[in-house]
Amino acid sequence: MGLFWRRKSKDQFVTLGLNEPQAKPAAPTAPSLEPPQSPLPIPDESREIKRSHELEHVPEVEPPPAGAGPTPLPLDPTDVIRPTPTKPLPAPAPRRSSFSTSVLGLDLSVEELQAREAALEQEFSARFRRAVAATRETLSERLDTVFIGRKQIDEELLDQLEEALIAADIGVATTLHVLETVRQGVARKQINDLDALKQAIKNELLKILEASANRGVASETSVPENVTPYVMMIVGVNGVGKTTTIGKLAQRIKAEGNDVLICAADTFRAAASDQLAIWAERTGVPLIQQKQGTDPAAVLFDSLKAAKARGSDVLIVDTAGRLHTKSNLMAELEKMKRVAGREVPGAPHETLLVLDAVTGQNGLEQARQFLKVAGVTGIVLTKLDGTAKGGIAVAIAKELNLPIRYAGIGEKVDDLVVFDPTEYVNGLF
């Protein structure tokens, strides 16, 4: 899975020195065996031997009665007590707190970080499989039903397979493309059982998803690191999870050592800024906002100035939820893009369209219209865990040739993940 945000190079991350090897503590100096320098006269040898003999036979002192103070033994000022050398105690092992003191894991060793990453990889795969479980159950159940009592693949079977793929919202065009590949495999005797058929479908779906990276922005690393701030503009209709997506994006990017700023440019809807302010407070990310009715381009201009002044790495811009049929709002979006381009070279660097996976093919039509007007560069697919028609991801990649950048697979703040085509396809079967 790796990092959520990979634009900042490793040597640019802020380090608190918590993972640096601790300096070895200075070994305690052994007590000197030489007698202390004293202006008193040095005792003669005979007296020292006598005193040593007396010290060996010192009688045990009875403890004083309760309430009485200790009675010190009288010592001759010329006594010389030679301390017994002791080995220095080993330095105690550093105690690990029950909680991490660093969001970035800087207080962990390399081995602990590797173990954490491996655990996160397994957890990510399991969570992704759970997110598409409803789609997988529907698709696998239909495929198993198609193959019941059949010993060979014929046209009737392929027709039923077509219905199963369309029911998963993979799309008509995508389904026909996949079936054409299957027919070619059957003709060449390369596909002759259920396992081979599933593998052929998986391979074709994976090719479609990976090919979608040829258009749009497939990674934030495509923008030079010296261009800051990296401007992300979020668009979409109301109710698809746009505000939630912005909050989760800000939290995930900030957690990896980046300075993030949010621009509340949705001045059209009264509750938009209030909802965004809640997310900004929850994630600890600064928010630039103005009163309702302010020109969104003016809010964006102020946010760009603030981001450059504070040296922010990423600026996430919220926009008014709009239907693709609202020409005035679409024109407003174009103005915002022009303002961003004047302040930061190449901005906005990404224009992400948030789509609700539950809407299926309706969301695909929204994407087509936004693509014409807003210059969408990537897709955020939300609520993937709440639908049995998760195949819409393949339809988007095939018909729009746009990369799916992120996917929402739950309600928690870390349930917004980088979309992984391999994990997605493996989760469907």
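Residues numbered from 1 in each chain as written. Predicted model: local features only at pLDDT ≥ 70, side-chain atom pairs only at ≥ 80, totals over all residues. Heavy atoms only, no water.

Trainee: Summarise the pairing of strand E7 (residues 404-408); cite the residues concerned and give the values.
Mentor: Among the five residues in E7, five count as buried, and that is most of the element. As paired elements, strand E6 (residues 378-382) and E7 share three bridges and run parallel to each other. Looking at E7, one finds that Leu 381 is bridged to Ala 407. Sheet topology note: the E7/strand E8 (residues 416-418) ladder contains three bridges and is antiparallel. (Buried < 20%, exposed > 50% of the residue type's maximum accessible area, 1.4 Å probe, protein only. Helix = DSSP H or I, 4+ residues; strand = E, 2+ residues; numbered from the N terminus. Pairing = 2+ DSSP bridges.)

Trainee: Describe a nonpolar patch on the surface, with residues and values.
Mentor: Where nonpolar side chains cluster on the molecular surface, the patch consists of Ile 166, Val 172 and Leu 176 and spans about 240 Å² of accessible area. Within the secondary structure, Leu 176 sits in helix H5 (residues 172-187). (Patch = residues over 30% accessible without salt bridge, like charges linked within 9 Å, V, L, I, M, F, W, Y side chains within 5 Å. Areas by Shrake-Rupley, 256 points an atom, 1.4 Å probe, with all protein chains shown as cover. Salt bridge = Lys/Arg side-chain N within 4 Å of Asp/Glu carboxyl O.)

Trainee: Run through the sheet that holds strand E2 (residues 260-264), naming residues and quoting values.
Mentor: Where strands meet in a sheet, backbone hydrogen bonds hold them as pairs that are either parallel or antiparallel. The eight strands are arranged E3-E2-E4-E1-E5-E6-E7-E8 in an open sheet whose pairing can be described as mixed. Looking at the sheet topology across the chains shown, the edges are occupied by strand E3 (287-288) and E8. Bridge count between strand E1 (residues 230-235) and strand E5 (residues 350-356): four bridges; the pairing is parallel. Each residue of the ladder has a partner; that of Met 233, found in E5, is Thr 351. Sheet strands in contact with helix H9 (residues 296-310) are E1, E2, E3 and strand E4 (314-318), and its direction is about 165° off that of E2. (Contact = heavy atoms within 4.5 Å. Axes fitted to C-alpha atoms, helices over the stretch in contact; angles between N-to-C directions.)

Trainee: Describe in detail helix H13 (residues 421-428), supporting the description with residues and values.
Mentor: Residues spaced three or four apart along an α-helix point in a common direction, a consequence of the helix completing one turn every 3.6 residues. The buried fraction of H13 amounts to six of the eight residues, a majority that puts the element mostly inside the structure. Taken as a whole, H13 has its buried residues at Pro 421, Glu 423, Tyr 424, Val 425, Gly 427 and Leu 428. Regarding H13, its N-cap is Asp 420, as a side-chain oxygen of that residue lies 3.0 Å from the backbone nitrogen of Thr 422 further along. (Polar contact = N/O pair within 3.5 Å; in protein donor to acceptor, adjacent residues only side chain to side chain.)

Trainee: Give a description of the environment of Gln 275 that names residues and reports values.
Mentor: Relative to the elements of secondary structure, Gln 275 occurs in helix H8 (residues 270-283). Given a relative accessible area of 34%, Gln 275 falls into the partly exposed group. Residues in contact with Gln 275, not counting those within four places in the same chain, are Thr 243 and Arg 269.

Trainee: Explain the packing of helix H11 (residues 361-374) against helix H12 (residues 392-400) to me, using residue names and the numbers behind them.
Mentor: For the pair H11 and H12, the least separation of the axes is 10 Å and the interaxial angle reads 30°. Put simply, H11 runs roughly parallel to H12. For H11 against H12, the interelement crossing comes out right-handed. Residue-level inspection shows Gln 361, Leu 364, Ala 367, Arg 368 and Leu 371 of H11 in contact with H12, the latter providing Ile 392, Ala 395, Ile 396, Glu 399 and Leu 400. Tallied by class, residues from the contact of H11 with H12 come to seven nonpolar, one polar and two charged. (Parallel < 35°, antiparallel > 145°, perpendicular 65-115°, else oblique. Left-handed = near helix turned anticlockwise from the far one by under 90°. Nonpolar A, V, L, I, M, F, W, Y, C, P; charged D, E, K, R; others polar.)

Trainee: Give a description of the confidence of the model for the chain that names residues and reports values.
Mentor: Across the chain, the average pLDDT comes to 77, with 71% of residues at 70 or higher. Low pLDDT, under 50, characterises residues 38-43; the stretch is placed with two contacts to residues that sit more than four places away or in other chains. Throughout residues 93-104 the model reports pLDDT below 50, and contacts reaching past four residues in sequence, or to other chains, amount to 16 contacts. (pLDDT = per-residue confidence, 0-100.)

Trainee: Which residues make up the pattern of salt bridges, and what values do they have?
Mentor: Inspection of the entire model under this criterion finds eleven salt bridges. Here Asp 318 makes a salt bridge to Lys 242, at a shortest N to O gap of 3.0 Å. Highlighted residues: Asp 318 in strand E4 and Lys 242 in helix H7 (residues 242-254), separated in sequence by 76 residues. Each member of the pair, Asp 318 together with Lys 242, is buried. Arg 368 is paired through a salt bridge with Glu 399; the nearest N and O atoms lie 2.5 Å apart. Residue Arg 368 is located in helix H11, and its partner Glu 399 is located in helix H12; the two are separated by 31 residues in the primary sequence.

Trainee: Outline the environment of Asn 238, listing residues and values.
Mentor: On the secondary structure map, Asn 238 appears in the loop between E1 and H7. By relative accessible area, Asn 238 is classed as partly exposed at 48%. Spatially, the C-alpha atoms of Asn 238 and Ala 320 are 8.1 Å apart, while their sequence positions differ by 82 residues. Discounting chain neighbours no more than four positions away, the residues touching Asn 238 are Arg 269 and Gly 321.

Trainee: How would you summarise unusual backbone geometry if you had to cite specific residues and measurements?
Mentor: Between Thr 228 and the following residue, Pro 229, the backbone shows a cis peptide bond with an omega angle of -5°. The topology assignment puts Pro 229 in the loop between helix H6 (194-211) and E1. Each neighbour pair has its own omega, and for Ala 347 with Pro 348 the value is -5°, a cis peptide bond. Tracing the chain through its elements places Pro 348 in the loop between helix H10 (327-343) and E5. Of note in this structure, Asp 169 is not a glycine but carries a positive phi near 65°. By secondary structure assignment, the location of Asp 169 is in the loop between helix H4 (155-167) and H5. In this structure, Asn 401 takes a positive phi of about 55° despite not being glycine. For Asn 401, a relative accessible area of 30% corresponds to the partly exposed category.

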